[in-house]
Amino acid sequence: MQEEGSIRKQFLIVDDDTEFLAVVAAALKKVSKGQWAIRTATNHSQALEQLKAQPVDTVVLDVEMPGMDGIEFLRLLGRTYPGQQVVMLSGRMDEAVRKTCLELGATLYLEKPIEFRALFAALDSLAGAAPQSGFRGVMQRVGLEDVLQMECLAGKSSLLVVSTGNRRGQIYICNGEIIHAQSGQLQGEMALYGLLALTGGEFTLQPFAEPARRTISGQYQFLLTEAARLRDEAGSQSVRQPRSLGRAGDFGAASVETPATTEARGVRIEEVLLSSSAGEVLYQWKCESIESRLELFKKLEQQAMEASKGTPSGRFHRVSMDTGNSCVLVQIQPTFRLLVRSALPAPPPTHE
Amino acid sequence: MNDVLESFLSSRLPIVGLVAYSIQLPDRVFATRCFSKSLYPSATEHMLTRVVHSGQTLLPAGKSAARYCWIFECLRVYVAARADGACLALLVENNAGVQWLRIQETLQAFGELPKR
């Protein structure tokens, strides 16, 4: 049992639902073993009075409030108490609202209803709890991306172990950068995107351990954006024709498909070449002209660099070409170059 | 074709996340527009022209229509290259707020425009 005199963290929960306030305050006090002081306010003026009387570590703020909504109050808090940590709670997951809240300085945007332990895990991490002991969260409530973003923003080093019924993976974060991910046979960015595409499961945040090798080098913002885009495209793709040229001409999306869906589309890999950045061939399969492919790597990198001069494009990652019948992907990474050429079988003849 | 091209994009813009576009015909750049104040229009046109040309030169699709996607850390370029040689290049931000579906639909629709 914790001593009452031990360090307490102060939270202020603002919500017009008194029943919710009572339940969540009691639950958080219990889960925190009395270490947290939970104060509540049912409207914004009460919240301002409470903050004036005594500052808190974190304000938990409901988005949908009568009168001034949570977003307006968040704006006001930003002006009145700059730097105040605010977590937004909302009954609906609206991407535009979420983005607005984060742009206005909210640290986290969580969806209600929320499991108390998940809320505790998120608040505990924000309040700077020692991660050495690890914590558990539920991805359906606290997004895996949110946790990753928190860890990266804070410049932390940790190991995120993700598990679902039949899948388990690890994401390694070192000094705020994602350096490695693995999931089954997959490693690197593809493993990361696969894990971030999971729609349910659990994660555990553990102390950092150096992986056998580092496979990811991009900025975490880029990686998370890419994961979100692939997920969006996969979602929109599921309601469209699978062979349509409307398919993203971007192998990133194709590469996170499960083998089953890839097989269903009949994708046939025709050529693979993996080389080091120095031009040493690390792996090749049915590559007819290695020299010309190595030359292609050089030219593409050079052309991309010259094309992007004078623009804030950042480092070149990859290019893909898709005709609907065949695809070529060339990926340029600091340590390796990859070419994959694949083909789709011709569509069945139509009878007019 | 010119009238069709002119009215094509005006009916589809704005698209959140699209910072510039360029329509290129086999013999000339038909139109380039840059919507972002943080980009130099000349550098943007250079980038889009170069990317279209490099893609078709280094990863040729023969006489087929093709899609190209160039991914950089902060920006990406989507190119729809038609069999008749016309190309639409879209320069898009790399962030979660981009209307990816509308980008794809625009590329698709460009490929389906009547031939020149």
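Here we summarise the structure given alongside this text. (Residues numbered from 1 in each chain as written. Chains lettered and ligands numbered in written order. Predicted model: local features only at pLDDT ≥ 70, side-chain atom pairs only at ≥ 80, totals over all residues.)

### Looking at the overall build of chain B
On a plain count of helices and strands, chain B comes out with three helices and five strands. Its helices and strands taken in sequence order, chain B reads α-β-β-α-β-β-β-α from the N to the C terminus. Within the span of chain B, comprising 116 residues, buried residues form 43% of the whole. Pairs at least 24 apart in sequence give 51% of the contacts found in chain B among residues at least 6 apart. (Helix = DSSP H or I, 4+ residues; strand = E, 2+ residues; numbered from the N terminus. Buried ≥ 20, exposed ≤ 12 C-beta atoms within 10 Å, placed from the backbone. Contact = placed C-beta atoms within 7 Å.)

### Notes on the overall build of chain A
Counting its secondary structure elements, chain A contains 11 helices and 16 strands. The burial tally for chain A puts 37% of its 352 residues in the buried class. Long-range contacts, defined as pairs at least 24 residues apart, comprise 57% of the intrachain contacts of chain A with a sequence gap of at least 6.

### Quick word on the nonpolar core
Among the nonpolar cores identified, the biggest contains 53 residues, and V79, A89, L90 and L91 of chain B are the most heavily contacted of them. Those residues in contact with V79 of chain B that lie beyond four places of it in its chain are V51, V52, G55, R67, Y68, C87 and A89 of chain B. (Core = buried A, V, L, I, M, F, W, Y, C linked by C-beta atoms within 7 Å.)

### With respect to the interface of chain A and chain B
Each side of the interface is counted separately: chain A has 39 residues, and chain B has 34 residues. Put simply, the parts of the chain that give the side of chain A that touches chain B at least two residues each are α8 (220-237), α11 (290-307) and β14 (316-322) of chain A. Looking at the side of chain A that touches chain B residue by residue, the classes come out as 13 nonpolar, 15 polar and 11 charged. Taken together, the six bridges between β14 of chain A and strand β3 (residues 66-72) of chain B define a ladder with antiparallel strand orientation. Across the sheet, residue F316 of chain A finds its bridge partner in β3 of chain B, namely F72 of chain B. (Nonpolar A, V, L, I, M, F, W, Y, C, P; charged D, E, K, R; others polar. Pairing = 2+ DSSP bridges.)

### Side note on the pairing of strand β16 (residues 336-343) of chain A
Residue and element names in this part refer to chain A. Pairing of strand β12 (residues 268-276) with β16, which is carried by eight bridges, proceeds in the antiparallel orientation. Residue pairing for β16: L273 is matched across the bridge by L339. Examined bridge by bridge, strand β15 (residues 326-332) and β16 share seven bridges and lie antiparallel to one another. Considered in β16, the bridge of Q331 is made with L338. The hairpin formed by β15 and β16 contains three residues between the paired strands.

### Remarks on the sheet that holds strand β1 (residues 9-14) of chain A
Residues and elements named next belong to chain A. In space, the five strands of this open sheet follow the order β2-β1-β3-β4-β5, with parallel pairing throughout. The open sheet has two edge strands with one neighbour each: β2 (36-41) and β5 (108-111). Adjacent strand axes in the sheet meet at a mean angle of 20°, parallel and antiparallel pairs treated alike. Packing against the sheet, helix α2 (residues 44-53) makes contact with β1 and β2, and its axis sits at approximately 165° to β1. Packed on one face of the sheet, helix α3 (residues 70-80) meets β3 (58-62) and β4 (85-90) and runs near 155° to β3. (Axes fitted to C-alpha atoms, helices over the stretch in contact; angles between N-to-C directions.)

### Quick word on the packing of α11 of chain A against helix α2 (residues 41-58) of chain B
α2 of chain B packs onto α11 of chain A with a crossing angle of 170° between their chain directions and a minimal axis gap of 9 Å. Judged by the angle between their axes, α11 of chain A and α2 of chain B are roughly antiparallel. Along this stretch, α11 of chain A crosses α2 of chain B, giving a crossing that reads as right-handed. Of α2 of chain B, the residues touching α11 of chain A (which contributes L296, K299, L300, Q303, E306 and A307 of chain A) are M47, R50, V51, S54 and L58 of chain B. (Parallel < 35°, antiparallel > 145°, perpendicular 65-115°, else oblique. Left-handed = near helix turned anticlockwise from the far one by under 90°.)

### Points about helix α1 (residues 18-31) of chain A
Residues and elements named next belong to chain A. The end-to-end C-alpha distance of α1, which contains 14 residues, comes to 20 Å, matching closely the 20 Å that a straight helix rising 1.5 Å per residue would cover. Those residues of α1 that sit buried are L21, V24 and L28. The arc that holds every buried residue of α1, seen down its axis, measures 80°, which confines them to one face. Across α1 from its buried face, at more than 90 degrees, point the exposed residues T18, E19, A22, V23, A26 and K30. In the stretch just after α1, K33 is the one whose phi turns positive, near 55°. (Expected span 1.5 Å × (residues − 1). Arc of directions from axis to C-beta.)

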